Amino acid sequence: MENWDGNEGTSAFHMPEWMQIQFADQKQEFNKRPTKIGRRSLSRSISQSSTDSYSSAASYTDSSDDETSPRDKQQKNSKGSSDFCVKNIKQAEFGRREIEIAEQEMPALMALRKRAQGEKPLAGAKIVGCTHITAQTAVLMETLGALGAQCRWAACNIYSTLNEVAAALAESGFPVFAWKGESEDDFWWCIDRCVNVEGWQPNMILDDGGDLTHWIYKKYPNMFKKIKGIVEESVTGVHRLYQLSKAGKLCVPAMNVNDSVTKQKFDNLYCCRESILDGLKRTTDMMFGGKQVVVCGYGEVGKGCCAALKAMGSIVYVTEIDPICALQACMDGFRLVKLNEVIRQVDIVITCTGNKNVVTREHLDRMKNSCIVCNMGHSNTEIDVLYFSLGKWLKQSMLSSALRAALIELQHYQASLRTPELTWERVRSQVDHVIWPDGKRIVLLAEGRLLNLSCSTVPTFVLSITATTQALALIELYNAPEGRYKQDVYLLPKKMDEYVASLHLPTFDAHLTELTDEQAKYLGLNKNGPFKPNYYRY
């Protein structure tokens, strides 16, 4: 990976006037609360869809026509456009109210919209996006539109879409193709409808999980001739980009938003610290005090989950592969174990590694009765709901190489928890009992998919940080002169990270100390930043 260096040649990042940090007037700007806001015009393996989310807040989605697929409906918005596919366009008014609430907790995006819409830094940009479609994403999309971009959007997750928000976006003129409860086929159909449209071709990609990028590479590789860059926000998607880069197949610059400081330290840590409890409480109504919990992975997501559960009185164990993260867990007061050592005794198992097969069928067989199993990572591969048992066929020497390859691929589709001897019992939306022949049962949440967006909601303010980072990354890649970024994966410029953080400080009536000229000279810094080198670990 090439590092962005603000002090070398063509890589220099020049901050436009509207992006200058303005401490004097920021507080006043953020404290304004509009009395009325008008209607204004962010995993899975390649073979699996990000089927992750349900929000109990989406109370307007359970209407009588839910059984009819949106693909079979003929809908138009009030302007006569039918270039969208949502559950029910009539829910737009409810969705607009949710978007207005989200705007109040997303001060940086609203400030960015106000400061930059005159200059329109995304004029001419045609952005195709694949993210969770929530009220917070709607604020991002409408900000991108205010900055001059045209957008087409699909969901990165078949359960996370808020139908009323999708309807509000469609009513505002955004081509949105998403609804809660899509099938696997619907998922890819929606992505294709965003990409494959006559007379419109994207020149920027905003992805969450890498599915959109993968689809374009697979189906429409020639589109990359006009695409200026990719912005990716998830661990899963970033991993895919690095794989493409390593193989020499990445043909456009890509911005790794997931590993930016503002994403890692705020979205991954603080968001999960609050939403893990919300998701578990809404689905199970359980008491956390005294419960034994094992958290698989002690990255930023794992740290947030562990901190929240410990504060509620839970006994928390941690599994880790990285000795540095493992030592951090130990120093934070958690016992480091192997999953096999505690699987029989724990009450809750939480995965947040970004890996696959972290909790296997063997682990599931050994769990105690009523153990709760859930995942906080983007991908639905961490809990072994998908399992392969075709080994006896692969051992046959008479198989052709093509058939053998097909059987190997088939292993990703056979469900370990949907075998005939196990019974599935739906408790409520996104909550299932999986019952063994001897009567033992486990509680599986969101079918092993992303818990917080599947079973609850996430803090809007934290998503404001991530969404602002995504917007600035799109602006940077779109406006970068030729040669600044090569066909590689880049981290967000440090100056941008600091700018995103500064936009959120006035919400807390926070006052930054400014360096004197003498102090800046002593430290060898510019008074306006960046204040830390790229290698600094916050």
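What counts as what
- Residues numbered from 1 in each chain as written.
- Predicted model: local features only at pLDDT ≥ 70, side-chain atom pairs only at ≥ 80, totals over all residues.
- Heavy atoms only, no water.
- Core = buried A, V, L, I, M, F, W, Y, C linked by side-chain atoms within 4.5 Å.
- Buried < 20%, exposed > 50% of the residue type's maximum accessible area, 1.4 Å probe, protein only.
- Helix = DSSP H or I, 4+ residues; strand = E, 2+ residues; numbered from the N terminus.
- Contact = heavy atoms within 4.5 Å.
- UniProt positions renumbered as here; feature names shortened; annotations may be inferred.
- Polar contact = N/O pair within 3.5 Å; in protein donor to acceptor, adjacent residues only side chain to side chain.
- Phe/Tyr/Trp six-rings, centres within 6.5 Å; stacked < 30°, edge-to-face > 60°.
- Lys NZ or Arg CZ within 6 Å of the ring centre and 35° of its normal.

Caption draft 1: View of the nonpolar core. Judged by nonpolar contacts, the single largest core of 59 residues is most densely connected at Leu122, Ile127, Leu144, Trp153 and Val176. Only α2 (92-104), α3 (107-116), α4 (135-146), β2 (150-155), α5 (163-171), β4 (204-207), α17 (460-479) and α18 (494-504) provide two or more residues apiece to this core. Apart from the residues within four sequence positions on either side, Val176 is in contact with Asp83, Phe84, Cys85, Val86, Ile133, Met141, Trp153, Ala166 and Leu169.

Caption draft 2: How the structure looks around the UniProt feature "binding site: substrate" (unreviewed entry) in the protein. Per the UniProt record, the feature "binding site: substrate" (unreviewed entry) sits at Thr134, Asp208, Glu233, Lys263 and Asp267. Take Thr134: it is sitting in the loop between β1 (126-131) and α4. Using a relative accessible area of 7% as the deciding quantity, one classes Thr134 as buried. Other than its neighbours up to four places away in sequence, Thr134 contacts Ser160, Leu162, Val165 and Leu453. Within the structure, Thr134 has its side chain in polar contact with the side chain of Gln136 (distance 2.9 Å). With respect to the element layout, Asp267 can be found in helix α9 (residues 261-284).

Caption draft 3: Summary view of the packing of aromatic side chains. All chains considered together, the criterion is met by nine aromatic pairs. Here Trp188 and Trp215 contribute two aromatic rings whose centre-to-centre distance is 5.2 Å and whose plane-to-plane angle is 20°, an arrangement assigned as stacked. Of the two residues, Trp188 sits in helix α6 (residues 184-195) while Trp215 sits in helix α7 (residues 211-219), which places them 27 residues apart along the sequence. When the ring of Phe461 is compared with that of Phe508, the centres are 5.3 Å apart and the planes differ by 85°; the resulting orientation is edge-to-face. Within this pair, whereas Phe461 is found in helix α17, its partner Phe508 is found in the loop between α18 and α19 (517-523), the two being separated by 47 residues in sequence. On the basis of relative accessible area, Phe508 is assigned to the exposed category, the value being 57%. Among the aromatic residues, ring-to-ring pairing joins Phe187, Trp188 and Trp215 into one connected group. For Lys228, the ring lying beneath its charged end belongs to Tyr478, and the centroid distance is 4.3 Å.

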